[in-house]
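Remarks on the overall topology
Listed here are the chains, written in short residue letters.
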Amino acid sequence: MKKISVIDSHTGGEPTRVVIAGGPDLGPGSVADQLEVFREHHDRFRSAVVNEPRGSDVLVGALLVEPSDKSCVCGVIFFNNVGCLAMCGHGTIGLVVTLAHRGKIKPGEHKIETPVGIVTATLQESGEVSVANVPSFRKTKAATVEVPGVGKITGDVAWGGNWFFLVGEPGRELALANVEALTDLSWRIRQAVNTQGFPEVDHVELFGPPQNGGDSRNFVLCPGKAYDRSPCGTGTSAKLACLAVDGELAEGDMWIQESILGSKFTGQFRWLNRERGEVIPIITGSAHVNAEATLLLNERDPFCWGIR
Ligand code: PYC
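Residues numbered from 1 in each chain as written. Predicted model: local features only at pLDDT ≥ 70, side-chain atom pairs only at ≥ 80, totals over all residues. Heavy atoms only, no water.

Let's shift gears to helix α5 (residues 233–245). The end-to-end C-alpha distance of α5, which contains 13 residues, comes to 19 Å, matching closely the 18 Å that a straight helix rising 1.5 Å per residue would cover. Inspection of α5 places Gly233, Thr234, Gly235, Thr236, Ser237, Ala238, Lys239, Leu240, Ala241, Cys242, Leu243 and Ala244 among the buried residues, and these make up the whole buried set. Taken from the residues just after α5, Gly247 is the one with a positive phi, measuring 70°. (Helix = DSSP H or I, 4+ residues; strand = E, 2+ residues; numbered from the N terminus. Expected span 1.5 Å × (residues − 1). Buried < 20%, exposed > 50% of the residue type's maximum accessible area, 1.4 Å probe, protein only.)

Put into structure tokens, the structure is as follows:
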């Protein structure tokens, strides 16, 4: 019987499961190198941790690994129901709150190595966490794609630690009652975007007017077809990069992004390279630990490695 120790939390409603013991040995190297080993040799471990019957399509896993940069408190590989994520904003906030819950860190600044770069998380005395994310930028403004069954949809392609297609006017109200329609629309958009020039896009982000005191509400569809219950840290980062280059938000000003649930992240940015349109987004939010558990993997269980 294999045992895996995990701590669960949620950030604005979006769950994170941090693997604190029992993970595979990924060998030496950077977290990007370790991600390749994880992808190549340990995909069933990923599935066992996040997929049914122990998890769900919504759950994001966070495997703690050795950082190659020793100034970092840890390295992390994020994963979901279908594969690995380059970065995860809500997951980083969940990870920091989990490390604090375990007494591993105190309020202050903590660097974390991800496969796409080092992020700096600040745990505040209040328990809130601010994440200075990886450099973010817009690749393409106003790309129009033909979406079968829908028509032409225009959006921006931007990187915020994952690749996003951001649609400002999706033509549907961003309300929980519309989740099925929003999921169907976003999935169609993603397929059209991927086949019509942007194969790298893995998340679709729809925007609408705020309903809970923020600046905007979003609906984010993740690569495994689950929607993000939080405002999505990497999605908010991609949005900040677009706002910055369009001159719609000034350096240091606050942008409050609501999720489809109404939970909020506060975003700000600082310029990294104004000519190239590169910003460092800073995303602030809160997470709550809600379980400490040991997962049991018994090879005699037909669904030991998850339902995939
Ligand atoms: O917060 O960056 C994020 C995220 C990505 C996928 C789910 N959450």
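Moving on, we come to the packing of helix α1 (residues 31–41) against helix α2 (residues 43–50). Here α1 crosses α2 at 85°, and the two axes come no closer than 5 Å. Relative to α2, the element α1 lies roughly perpendicular. Here Phe38, Arg39 and His41 of α1 come into contact with α2, specifically with Asp43, Phe45 and Arg46. (Axes fitted to C-alpha atoms, helices over the stretch in contact; angles between N-to-C directions. Parallel < 35°, antiparallel > 145°, perpendicular 65-115°, else oblique. Contact = heavy atoms within 4.5 Å.)

Right, let's get into the packing of aromatic side chains. Applying the stated criterion to the full structure yields 6 aromatic pairs. Both rings, one in Phe38 and one in Phe79, keep their centres 5.5 Å apart while their planes meet at 50°; by these two values the pair is tilted. Taken as a pair, Phe38 in helix α1 and Phe79 in strand β4 (residues 72–79) lie far apart in primary sequence, 41 residues in all. Phe79 sits in the buried class, given a relative accessible area of 0%. Aromatic side chains Phe219 and Tyr227 sit 5.6 Å apart centroid to centroid with 25° between the ring planes, which places their arrangement in the stacked category. In this pair, the class of Phe219 matches that of Tyr227, namely buried. Pairwise contacts between aromatic rings join Phe38, Phe45 and Phe79 into one cluster. Directly above the ring of Tyr227 sits Arg229, whose terminal nitrogen or CZ lies 3.8 Å from the centroid. The ring of Phe207 has Lys239 sitting right over it, with the charged end atom 4.3 Å from the ring centre. (Phe/Tyr/Trp six-rings, centres within 6.5 Å; stacked < 30°, edge-to-face > 60°. Lys NZ or Arg CZ within 6 Å of the ring centre and 35° of its normal.)

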